[in-house]
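Observations on the three-dimensional arrangement
Here is how the chains run, residue by residue.
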Amino acid sequence: MADITVPATDLAGEKLCIQLSSNDETKPLSDAEIEQISTLLESQSSGWSKAPRTYIVLWNIGRLDLFHDLLELGFSDFCFPLEPTALPPSLEPSVRRAIVQCQRIILTKSVDLEKGENGRHRHFGKDDHLPFRIQKRLGAGGYSQVDLIKSRISFKEYALKRIPRWTAFWNNSRQAVRQFAADMQLIKALKHRHIVQFVGSYTDPKYLGMIISPVADMNLAEYMDLLAGNHEGKQPIDFHIPEDEDTLSSLKKDFKAYPQYGLGHDWSSYSPQDAASLLLYFLKRLGQPLIPYEFLEAFRNPC
């Protein structure tokens, strides 16, 4: 263990020195031990307590002097696991290698939980610390519940959907478990900015859990009320923007002109609504349907 002096301004600081000095640098720490160190770091600085893994690694390699600078550069515990090339280039190659070699002592199960498809499904025992804090209940259904959580590692907020594990063994609720697994696979496969993203999954003695992002700020009923202007003090949202006749006339002229028919048109001064209005204009004037009737069924059911 490196001989580094930790600021010990009070009893908590002294405990931190003892805790770090007593750790075997070859033995991986548990989430509970890292959480204890985070609590002790809180007495030194609230910013320090958010990066206990980084602190521990730098302590072990004898470069605690880099801690503040790394935090200023945006480095955090969420960066682990990493390769030397993922560290700031300002660090000496030997320091980068040392950090990578030492990181094994802080790579607990929790680190995987926010890596999306790059992470692994994790299993937490009865005595394991879950790497998040439950903030509040967002909703509940027949067998599942959704909570707002905050990560202890990245300090990001997510939605956690959980289903009790005992439901897997009851005939009337096995379908709920199968549906939960199907939902998880579907969310993993879908990638779109308007669809929630898969963050991670786990099981503990009581629940199957799936973490998703972002957290919804309202349900569908509230959103429909908002559109209708039923929320007190809020105006209805109007997604329709009337087309500009002069702009549309200019676009029509350009896109009807032989031989280019709008090819290479400069769209930099036009809005998406202008393009949509032009497209709608031409679609309405098609001599035949865009999808011929004989192909309609195949279009509706491509599989």
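Everything below is about the structure printed above this text.
Criteria and thresholds
Residues numbered from 1 in each chain as written. Predicted model: local features only at pLDDT ≥ 70, side-chain atom pairs only at ≥ 80, totals over all residues. Heavy atoms only, no water. Helix = DSSP H or I, 4+ residues; strand = E, 2+ residues; numbered from the N terminus. Buried < 20%, exposed > 50% of the residue type's maximum accessible area, 1.4 Å probe, protein only. Areas by Shrake-Rupley, 256 points an atom, 1.4 Å probe, with all protein chains shown as cover. Salt bridge = Lys/Arg side-chain N within 4 Å of Asp/Glu carboxyl O. Axes fitted to C-alpha atoms, helices over the stretch in contact; angles between N-to-C directions. Parallel < 35°, antiparallel > 145°, perpendicular 65-115°, else oblique. Contact = heavy atoms within 4.5 Å. Nonpolar A, V, L, I, M, F, W, Y, C, P; charged D, E, K, R; others polar. Left-handed = near helix turned anticlockwise from the far one by under 90°. 1 Å grid on protein atoms, 1.4 Å probe; cavity = no way out; pocket = protein on both sides within 12 Å on 5 of 7 lines; lining within 4 Å. Points joined across faces, edges and corners; volume = space filled by probe spheres on them. Expected span 1.5 Å × (residues − 1). Phe/Tyr/Trp six-rings, centres within 6.5 Å; stacked < 30°, edge-to-face > 60°. Lys NZ or Arg CZ within 6 Å of the ring centre and 35° of its normal. Pairing = 2+ DSSP bridges.

1. Looking at the overall build of the chain
Scanning the chain for helices and strands turns up 10 helices and six strands. Residues classed as buried in the chain amount to 33% of the 303 residues present. Counting every atom, the chain has about 19300 Å² of accessible surface; 54% of that belongs to carbon and sulfur.

2. Observations regarding the pattern of salt bridges
Overall, the coordinates contain 10 salt bridges when judged by the stated rule. The closest approach of N and O atoms between Lys-109 and Asp-128, which form a salt bridge, is 2.6 Å. Here Asp-128 lies in the loop between strand S1 (122-123) and strand S2 (132-140) and Lys-109 lies in the loop between helix H5 (93-102) and S1, a separation of 19 residues in the sequence. With a closest N to O distance of 3.0 Å, Asp-147 and Arg-162 form a salt bridge. With Asp-147 in strand S3 (residues 145-151) and Arg-162 in strand S4 (residues 157-164), this residue pair connects regions lying 15 residues apart in the sequence. Arg-162 matches Asp-147 in its accessibility class, with the two residues each being buried. Several salt bridges converge on common partners, so that one network encompasses Glu-35, Arg-133 and Arg-152.

3. Concerning the packing of helix H2 (residues 31-42) against helix H3 (residues 52-61)
Two elements in contact, H2 and H3, have axes separated by 9 Å at closest approach and are oriented at 90°. On the basis of the axis angle, H2 is roughly perpendicular to H3. Note on element contacts: H3 touches H2 through Pro-52, Arg-53, Tyr-55 and Ile-56, opposite Asp-31, Ile-34, Ile-37, Ser-38 and Leu-41. Of the residues belonging to the contact of H2 with H3, the class tally is six nonpolar, one polar and two charged.

4. What about the packing of helix H8 (residues 245-256) against helix H9 (residues 272-284)?
Remark: H8 packs on H9, axes separated minimally by 10 Å, with the N-to-C direction vectors making an angle of 60°. Classified by the angle between their axes, H8 and H9 sit oblique to one another. Every pair of crossing elements has a handedness; the one defined by H8 and H9 is right-handed. Here Thr-247, Leu-248, Leu-251, Lys-252, Phe-255 and Lys-256 of H8 lie close against H9, whose contacting residues are Asp-274, Ser-277, Leu-278, Tyr-281 and Phe-282. For the contact of H8 with H9, the per-class residue count stands at six nonpolar, two polar and three charged.

5. Remarks on the layout of surface pockets
Estimates place the volume of the largest pocket at around 480 Å³. Lining the largest pocket are 18 residues, and of these Pro-214, Val-215, Ala-216, Asp-217 and Met-218 sit closest to its centre. Counting only elements with at least two residues in the lining of the largest pocket, the list comes to S2 and S3. Among the residues making up the lining of the largest pocket, the classes are represented as 11 nonpolar, three polar and four charged. In this structure, the second largest pocket spans a volume of roughly 240 Å³. Around the second largest pocket, the lining is made up of 19 residues, and of these Glu-35, Ser-38, Ser-49, Arg-133 and Arg-152 lie nearest the centre. Of all the secondary structure elements, the ones that give two or more residues to the lining of the second largest pocket are H2 and H3. Tallying contributions element by element places H2 first for the lining of the second largest pocket, with six residues. Residues of the lining of the second largest pocket, tallied by class, amount to six nonpolar, six polar and seven charged.

6. Thoughts on H2
In an α-helix, one turn spans 3.6 residues, which is why side chains three or four residues apart end up on the same side. The first and last C-alpha atoms of H2 sit 16 Å apart over 12 residues, in line with the 16 Å expected at 1.5 Å per residue. Among the residues of H2, Asp-31, Ile-34, Glu-35, Ile-37, Ser-38, Leu-40 and Leu-41 are the ones counted as buried.

7. Describing the packing of aromatic side chains
With the rule as written, the count across this model stands at 10 aromatic pairs. Between Phe-255 and Trp-267, the aromatic rings sit 5.7 Å apart at their centres with planes inclined by 50°, giving tilted as the arrangement. Residue Phe-255 is found in helix H8, and its partner Trp-267 is found in the loop between H8 and H9; the two are separated by 12 residues along the sequence. The class of Phe-255 is buried, set by a relative accessible area of 18%. Taking 6.1 Å as the distance between ring centres and 75° as the angle between the ring planes, the aromatic pair formed by Tyr-258 and Tyr-261 counts as edge-to-face. Using a relative accessible area of 46% as the deciding quantity, one classes Tyr-261 as partly exposed. Grouped by ring-pair contacts, the aromatic residues Trp-48, Tyr-55 and Phe-67 constitute a single cluster. Over the aromatic face of Phe-78 sits the side chain of Lys-115, whose NZ or CZ is 4.4 Å from the ring centroid.

8. Details of the sheet that holds S1
Reading across from one edge, S1-S5-S6-S4-S3-S2 is the order of the six strands in this open sheet, with mixed pairing throughout. If you trace the sheet from one side to the other, it starts and ends with S1 and S2, each paired once. Of the pairings in the sheet, the one linking S3 to S4 comprises six bridges and is antiparallel in character. Pairing of Val-146 across the sheet is with Lys-161, part of S4.

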